[in-house]
Amino acid sequence: MSEIFFSTDPDFCPHCKHIPCVCNRLGAPKKQTEPVRVRFLRNAKGSGMTVVERLPLHPQGKEDLLKKMKKSLGCGGTVKEGRLEIQGDKKAPAAQMLEKEGYKVRIL
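These notes cover the structure that comes with them. (Residues numbered from 1 in each chain as written. Predicted model: local features only at pLDDT ≥ 70, side-chain atom pairs only at ≥ 80, totals over all residues. Heavy atoms only, no water.)

Focus: helix H2 (residues 91–100)
Taken residue by residue, H2 has Ala94, Ala95, Met97 and Leu98 as its buried positions. One side of H2 carries all its buried residues, which in axial view fall inside an arc of 160°. Every exposed residue of H2 that faces more than 90 degrees away from the buried side is listed here: Gln96 and Lys100. Turning to H2, the residues buried within the fold contact strand E1 (36–42), strand E2 (48–53), helix H1 (59–73), strand E4 (83–87) and strand E5 (105–107). Two residues or fewer past H2, Gly102 is found with a positive phi of approximately 105°. (Buried < 20%, exposed > 50% of the residue type's maximum accessible area, 1.4 Å probe, protein only. Helix = DSSP H or I, 4+ residues; strand = E, 2+ residues; numbered from the N terminus. Arc of directions from axis to C-beta. Contact = heavy atoms within 4.5 Å.)

If you want it as structure tokens, here you go:
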């Protein structure tokens, strides 16, 4: 049997080359080369959001992590362009949650 190198399936993982991903099924952090960045951005309306970038997770793992974060922080959020966007200024609590999950975190 030949190995899959490319697929248009959104569940295809380029690291383990499986559909669905088996290398990060439980959401455990992959080996980190750089810390996860957590920062607060204000938008034009004056309200703001906490942004979590450079998270080394499969897209489904990001969705699961965001769901846990929204529930524990009591706020809304979404995944856009591979980064987590959480409503409000939640830098410190979000960083604590990520450190508990085993990530190196840098607050900007």
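What follows picks up the thread again.
Topic: the nonpolar core
Grouped together as the largest cluster of nonpolar side chains are 18 residues, with contacts concentrated most on Leu55, Met69, Ile86 and Leu98. For this core, the elements supplying multiple residues, two or more each, are E1, H1, E4 and H2. (Core = buried A, V, L, I, M, F, W, Y, C linked by side-chain atoms within 4.5 Å.)

With respect to the sheet that holds strand E3 (residues 77–80)
Spatially, the five strands line up as an open sheet ordered E3-E4-E2-E1-E5, and their pairing is mixed. Because the sheet does not close on itself, it has two edges, and the strands there are E3 and E5. In this sheet, neighbouring strand axes are inclined to one another by 25° on average, regardless of whether the strands run parallel or antiparallel. Direction of pairing for E3 relative to E4: antiparallel, over a ladder of four bridges. Bridged to Gly77 within E4 is Ile86. The strands that H1 touches are E3 and E4; relative to E4, the one it contacts most, it runs at about 15°. (Pairing = 2+ DSSP bridges. Axes fitted to C-alpha atoms, helices over the stretch in contact; angles between N-to-C directions.)

Structural notes on H1
Taking 1.5 Å of rise per residue, the 15 residues of H1 would be expected to cover 21 Å, and the 21 Å separating its terminal C-alpha atoms lies within 8% of that figure. Downstream of H1 by a residue or two, Gly74 has a phi angle that is positive, lying close to 70°. (Expected span 1.5 Å × (residues − 1).)

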